[in-house]
Amino acid sequence: MKYTQEAVNAAYSVIEARRQDALNTYDAHVQSIKKNHPEIYEIFLNISKTSSKLAKVIFSKDQNGKPAVNVSEAVEKIKNENLEDQEKLKNALTAFGYPEDYLTVNYTCPICGDTGIHLGNRCKCAEELMTSSTISKLNEQCKIKLHSFSEFDLSFYPETYQYNGTAYDCRNRMAEILNFCIGYANGFSEQSQSLFMLGKTGLGKTFLSSCIANELVRKGISVAFDSIQNYLRYIENEHFGRAEGDTLELLLNAELLILDDLGCEFKSSFNSATIYNLINSRCNMGKPTIVSSNLSINELSERYDDRIISRLIGNYHTLRFIGEDIRQIKRREGIFN
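So, how was this worked out
Counting starts from 1 at the beginning of each chain's written sequence and moves along it residue by residue. Whole-chain, interface and lining totals are the exception, using all residues; otherwise, since this is a predicted model, local features are given only for residues with pLDDT of at least 70 and side-chain atom pairs are given and counted only at 80 or more. Excluded from the side-chain calculation are hydrogens and water; included are all heavy atoms of the structure. Helix and strand assignments follow DSSP, with helices taken as H or I runs no shorter than four residues and strands as E runs no shorter than two, numbered in order from the N terminus. Between the two quantities, the radius of gyration covers C-alpha atoms and the globule rule is 2.2 Å times the number of residues to the power 0.38. Accessibility here uses a 1.4 Å probe with only protein chains present; expressed as a share of the type maximum, an area under 20% marks a residue as buried, one over 50% as exposed, and anything in between as partly exposed. In this analysis, two residues are considered to be in contact whenever any of their non-hydrogen atoms come within 4.5 Å of each other. Between the N-to-C directions of two axes lies an angle of 0 to 180 degrees, each axis being a line fitted to C-alpha atoms and, for a helix, fitted only over the stretch in contact. Each angle gets one of four labels, with under 35 degrees taken as roughly parallel, over 145 as roughly antiparallel, 65 to 115 as roughly perpendicular, and the rest as oblique. Handedness of a crossing is defined here by the sense of rotation of the near helix relative to the far one, left-handed for an anticlockwise turn of less than a right angle and right-handed for a clockwise turn. Polarity classes work like this: nonpolar for Ala, Val, Leu, Ile, Met, Phe, Trp, Tyr, Cys and Pro, charged for Asp, Glu, Lys and Arg, and polar for all others, with Gly in that last group. Two strands qualify as a pair provided DSSP detects at least 2 bridges between them.

Asker: Give a description of the overall build of the chain that names residues and reports values.
Answerer: Summing up its helical and strand segments, the chain has 13 helices and nine strands in all. Whereas a compact globule of 337 residues would reach a radius of gyration of roughly 20 Å, the chain reaches 29 Å, over 25% beyond that. Overall, the C-alpha framework of the chain stretches about 100 × 50 × 35 Å when taken along its three principal axes. The proportion of buried residues among the 337 residues of the chain is 41%. By sequence separation, contacts in the chain at least 24 residues apart represent 75% of the contacts at least 6 residues apart.

Have a look at this one:
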């Protein structure tokens, strides 16, 4: 994965801040114990001297250059004393209402100790921060406004609606979809299902997608959200060397990818292949995706390869939106927003 220097700097700035916070908190805890509980501090100091005790035993020599003591026995004794002191420390801390790890440096990432480096390579925490930073930058270019579920107004949907000669309980159907999306956002995880939002224009597909995105972004989950047309333009420009970046890789690895308005993009073999790659690869990786379209299944089948349609129908949970175009209703009623 290629990252800009800006994303790298931003990630390591966060990591350094985390490390400094952890060390400052640790120092404050030590000073508090030293001042208020000197008997606990003595146990803590004894544990802190373990390394120097071991070094002294291992490297001590007599006049003939031989080990001054039985090293293995001495080391074993120091280890046992250390274990006893650790147990004493835990018991003493909890007896005064402190957590057992009160005198431990609690790093955000215990793997790398908030350095961003593990075994000579970038730690996973650094990769996640760089990806998140890059996706945030990508989302800044998105023209779709994020909304909250409380803004979704069911009164714009008629109680009944005729669709293909059948009368549907429209408002209740849309209330069910709203509640489903709220539950989806609240219970989102890596194992969440992918969603396929179908329905004519102006029925709230983009709006509810933006509500889901808004809720998850607030929780710190990496969400890539934009129209499929914009994403394809970025990917094509990068593929043919007209721009720098790795949008395709970002979209493949985002915790949630939202592809809005499938079918609005220019029809080409490159675009079709890229759409299939995104949908198929994320299915194979078990990563949730939300796809919305104003086209019917028949219209999509005429436009796309069977493999794309098969994935959308077979692997996604379909939400069918019905009703009248809310934008037109608002225009008739003189509502502008």
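Asker: Explain the packing of helix 2 (residues 38-48) against helix 4 (residues 71-95) to me, and be specific about the residues and the numbers.
Answerer: Look at helix 2 against helix 4: their axes get within 9 Å of each other, and the N-to-C directions meet at 150°. Compared by their axis directions, helix 2 and helix 4 come out roughly antiparallel. The handedness of the crossing between helix 2 and helix 4 is left-handed. Judged by residue contacts, I40, I43, F44, N46 and I47 of helix 2 engage N82, D85, Q86, K88, L89, A92 and L93 from helix 4. Residues that form the contact of helix 2 with helix 4 fall into these classes: seven nonpolar, three polar and two charged.

Asker: Can you explain the pairing of strand 6 (residues 223-227)? Please cite residues and give values.
Answerer: The element strand 6 is extensively covered by neighbouring structure, given that five of its five residues are classed as buried. For strand 6 and strand 7 (residues 256-260), the ladder comprises five bridges, and the chain directions are parallel. Paired with D226 across the bridge in strand 7 is L259.

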